[in-house]
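# Examination of the molecular architecture
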Amino acid sequence: MEYIEKFRPQYHYSPARNWMNDPNGLVYYEGEYHLFYQYSPFDNLPHFDKMHWGHAVSTDLVHWEELPPAIFPGEDGAIFSGSAVVDHRNTSGFFDENGSGLVAIYTNNGNTTLPNKPQVQSIAYSRDKGRTWTKYEGNPVLFPDATLDFRDPKVFWHEETSMWIMSLAVQDRVEFYQSPNLKAWTFASAFGADAIGTHRGIYECPDLFPIHVDGDVNNRKWVLILSVGDCNGVNPYDPETPAGGSGMMYFIGNFDGKVFTPDDPIHSMDDLKWIDYGSDFYAAVTWNNTPGEDGRKRWIGWMNNWRYAGALPTDNWRGNNSVPRELKLKQFAEGLRLVQQPIEELGIIRTPLKTLEDVMLATDVNSLVDIGANSAEIIAEFEIGTATEFGFKVRKSANEETVVGYDNVRKKLFVDRTNSGKVDFHPDFAAKHEAPLAPTNKRVRMLILIDSCTIEVFGGAGTAVISDTIFPDPESKGLELYAIGGSVTLVSLQMNEMGSIWHDR
Ligand code: FRU
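Residues numbered from 1 in each chain as written. Predicted model: local features only at pLDDT ≥ 70, side-chain atom pairs only at ≥ 80, totals over all residues. Heavy atoms only, no water.

### Re the overall build of the protein
A tally of helices and strands in the protein yields 0 helices and 34 strands. Taking 505 residues into account, the globule formula puts the C-alpha radius of gyration at 23 Å, and the protein, at 22 Å, falls close to it. Based on the C-alpha atoms only, the size of the protein along its principal axes is roughly 70 × 50 × 45 Å. Every one of the 505 residues in the protein was classed for burial, and the buried ones make up 60%. Within the protein, residue pairs in contact and separated by at least 24 positions form 64% of the contacts whose partners lie at least 6 positions apart. Accessible surface computed for the protein: about 19000 Å², of which carbon and sulfur atoms make up 48%. Averaging the locations of the 44 positively and 69 negatively charged side chains of the protein gives two centres separated by 1 Å. (Helix = DSSP H or I, 4+ residues; strand = E, 2+ residues; numbered from the N terminus. Rg over C-alpha atoms; globule rule 2.2 N^0.38 Å. Buried < 20%, exposed > 50% of the residue type's maximum accessible area, 1.4 Å probe, protein only. Contact = heavy atoms within 4.5 Å. Areas by Shrake-Rupley, 256 points an atom, 1.4 Å probe, with all protein chains shown as cover. Lys, Arg positive; Asp, Glu negative; His and termini not counted. Charge placed at Lys NZ, Arg CZ, Asp CG, Glu CD.)

### Here we look at the pairing of strand E27 (residues 402–407)
With 6 of 6 residues buried, E27 lies mostly within the body of the structure. Burial along E27 is two-sided: the face carrying Thr 402, Val 404 and Tyr 406 and the face carrying Val 403, Gly 405 and Asp 407 are both buried. Examined bridge by bridge, strand E26 (residues 389–396) and E27 share 6 bridges and lie antiparallel to one another. Paired with Phe 392 across the strands is Val 404, a residue of E27. Counting the residues that bridge the hairpin from E26 to E27 gives 5 residues. (Pairing = 2+ DSSP bridges.)

### Brief notes about the sheet that holds strand E7 (residues 119–126)
Taking strand neighbours across the sheet as the criterion, the 4 strands line up as E5-E6-E7-E8 in an open arrangement whose pairing is antiparallel. At either margin of the open sheet sits one strand with a lone partner, and together these are strand E5 (78–86) and strand E8 (134–135). As judged from the 2 bridges shared by E7 and E8, these two strands associate in the antiparallel manner. The residue of E8 that forms the bridge with Tyr 125 is Thr 134.

### Things to note about the environment of Trp 53
Assignment of secondary structure puts Trp 53 in strand E3 (residues 52–58). Exposure remark for Trp 53: the relative accessible area of 0% places this residue in the buried category. With 29 residues separating them along the chain, Trp 53 and Asn 24 place their C-alpha atoms 7.5 Å apart.

### Things to note about the sheet that holds strand E2 (residues 32–40)
Strands sit in the order E4-E3-E2-E1-E20 across an open sheet of 5 strands; the sheet is mixed. Looking along the sheet, the strands with just one partner apiece sit at the ends: strand E4 (65–71) and strand E20 (317–318). Relative to E2, strand E1 (residues 18–29) runs antiparallel, the two being bridged by 7 bridges. Residue pairing for E2: Trp 19 is matched across the bridge by Ser 40.

### A short note on the site of the ligand
If you check the shell around the ligand, you find Asn 21, Asp 22, Gln 38, Phe 48, Met 51, Phe 80, Ser 81, Arg 151, Asp 152, Glu 204, Tyr 282 and Trp 306 and nothing else. Asn 21 is positioned such that a nitrogen or oxygen atom in its side chain is 3.0 Å from an oxygen atom of the ligand. Surface burial for the ligand is 97%, taken as the share of its 320 Å² of free accessible area covered by protein chains. Only E1, E5 and strand E9 (151–158) provide two or more residues apiece to the shell around the ligand. Classifying every residue of the shell around the ligand gives 5 nonpolar, 3 polar and 4 charged. (Near = heavy atom within 4 Å. Polar contact = N/O pair within 3.5 Å; in protein donor to acceptor, adjacent residues only side chain to side chain. Nonpolar A, V, L, I, M, F, W, Y, C, P; charged D, E, K, R; others polar.)

### So, the pattern of salt bridges
Enumeration according to the criterion identifies 33 salt bridges in this entry. A salt bridge links Arg 220 to Glu 160; the shortest N-O distance between them is 2.9 Å. Linking Arg 220 in strand E14 (residues 220–228) with Glu 160 in the loop between E9 and strand E10 (163–170), this pair joins segments that are 60 residues apart in sequence. Residue Asp 264 pairs with Lys 273 through a salt bridge whose shortest N-O separation is 3.8 Å. Its relative accessible area of 46% is what places Asp 264 among the partly exposed residues. Under the relative-accessibility criterion, Lys 273 is labelled buried at 15%. The network of salt bridges with shared partners includes Glu 2, Glu 5, Arg 8 and Arg 17. (Salt bridge = Lys/Arg side-chain N within 4 Å of Asp/Glu carboxyl O.)

### With respect to the packing of aromatic side chains
Throughout the structure, instances matching the rule amount to 39 aromatic pairs. On the basis of an interplanar angle of 75° and a centroid distance of 6.1 Å, the ring pair of Phe 48 and Phe 80 is categorised as edge-to-face. Of the two residues, Phe 48 sits in the loop between E2 and E3 while Phe 80 sits in strand E5, which places them 32 residues apart along the sequence. Of the residues examined, Phe 48 reaches a relative accessible area of 38% and is grouped as partly exposed. Looking at Phe 80, the relative accessible area reads 10%, which means it is buried. Taking 5.7 Å as the distance between ring centres and 85° as the angle between the ring planes, the aromatic pair formed by Phe 425 and Phe 471 counts as edge-to-face. Separated by 46 residues along the polypeptide, Phe 425 in the loop between strand E28 (412–416) and strand E29 (432–436) and Phe 471 in the loop between strand E32 (464–469) and strand E33 (478–484) bring together distant segments of the chain. (Phe/Tyr/Trp six-rings, centres within 6.5 Å; stacked < 30°, edge-to-face > 60°.)

### Points about the nonpolar core
Proteins that are soluble and globular tend to have nonpolar side chains buried together. Core analysis: the largest hydrophobic core is formed by 55 residues, its most contacted members being Ile 378, Phe 382 and Phe 392. Built from parts of two domains, this core gets at least three residues from each of domain 1 (18–342) and domain 2 (351–498). In this structure, Tyr 28, Val 62, Trp 287 and Val 323 belong to the second largest nonpolar core, which totals 29 residues. (Core = buried A, V, L, I, M, F, W, Y, C linked by side-chain atoms within 4.5 Å. Domains from an automatic or database assignment.)

### So, the domain arrangement of the protein
By domain assignment, the protein separates into domain 1 (18–342) and domain 2 (351–498). Measuring from the centre of the C-alpha atoms in domain 1 to the corresponding centre in domain 2 gives 31 Å. Each partner contributes to the interface: domain 1 provides 26 residues, whereas domain 2 provides 28 residues. Note on domain 1 versus domain 2: buried area summed over both sides is about 2100 Å², and carbon and sulfur give 63% of it. It is Tyr 277, Met 303 and Pro 313 in domain 1 that bury the most area against domain 2; as a group they hold 26% of the surface buried on that side. Where domain 1 touches domain 2, the interface holds 3 salt bridges. In this structure, the salt-bridge partner of Glu 456 is Arg 325, at a minimum N-O distance of 2.9 Å. Elements represented by at least two residues in the side of domain 1 that touches domain 2 include exactly strand E21 (325–332) and strand E22 (335–342). It is E22 that contributes the most residues to the side of domain 1 that touches domain 2, 6 residues altogether. (Buried area = accessible area lost by both parts, 1.4 Å probe.)

Shown next as structure tokens:
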């Protein structure tokens, strides 16, 4: 039986074998959600000269079926990250008169068409729901002017201008291109090169999309997502991502079909907004063409960090995704913020295990919850008292624990994985990660998702998210509630077991 190895996540996607990094080509088409991804089908290490697009499909975003790799490297180079669109109007001419199909837009790495321009953009199309792909004979469709780093095209249809728009990571900026047919691309504008203080690593995997403020269809903003590579101390003057290594930020503004204009000027690191305060959420991008009400945005990220990506202590596979998350843009006193929550579809694998109400926690009277699970969801609300710190110790045994807590002095949510299990495979792994989180009406809410090698914490309304990998012993299943320095009231706790998407069908 597959998917039973030590550390194998039970409700997070991972390939059965070998290496995976970024999600690619996220698109919904004819009843299926597609998840393509950076895949190296040889062993559990990234082979950047031979990257493929791996492939999985799902009808509910929860259960995934792995399919054979979709796009293969060749004379054109490796297949790096990119996106996929439904060409509803057959603008590309790849499909029948009245038909539609999928077009993938991706980076070839190691391309030799032009000297010294190894990263170029290419396209391929599929007429059989993404199972087989034909590379366009006119590839590459877009070349860089100068830089080596020219990659990760994310494409969407811009209704107002009737154009395809491509967001592309180009070293220290995002470039936008337009095309009527996905084949001929024209430069529109660039963003970010002068965003002072943000250039600690190169930009990767941009995503630009419209989203409604507080769900109001008459109030639309544009959000630009950016992944930032690990500079590994190369430039000591560059500031760090919240948890170190590679990380993700976002900008809110407007887009007129050519130019992205941020609402607020970006003068320093203090003006940056972070997607995730943990170490392991990277290269996340949104699904194109999702059904349902307008403005519904869902995405998925790779739970790893380029600082130690190749060292994770898993065996015959390496790399898993986060749970799919729904993104919303909400108005807070301090301004507009992106909020994330696990998609509600995860409810189908949830079994209630325990509920608690109005429990007073105090120093040294920690209560052990007599129930343990390796794959669980915990939804808790605390009312702040005199305790300086409180929260949970999860995946606990005599000598291992991962602490998910709230520091009430510094108003920070945190995950401490210093003693979470196997941590010695990289010097930067054992660490505590913190996210700013102000209580709401004296209350702090946490939604915690735990799996065999992951923890994702959504604090408050979902602005304070911490995603970390952890590698505890499978027998470390304990759960403890704790308080330090005084008391705190656990107003409510709901603990659910999460079923296996591989075994509990
Ligand atoms: C981001 C990234 C992309 C690139 C891909 C290669 O994690 O570095 O920029 O396309 O991974 O696998």
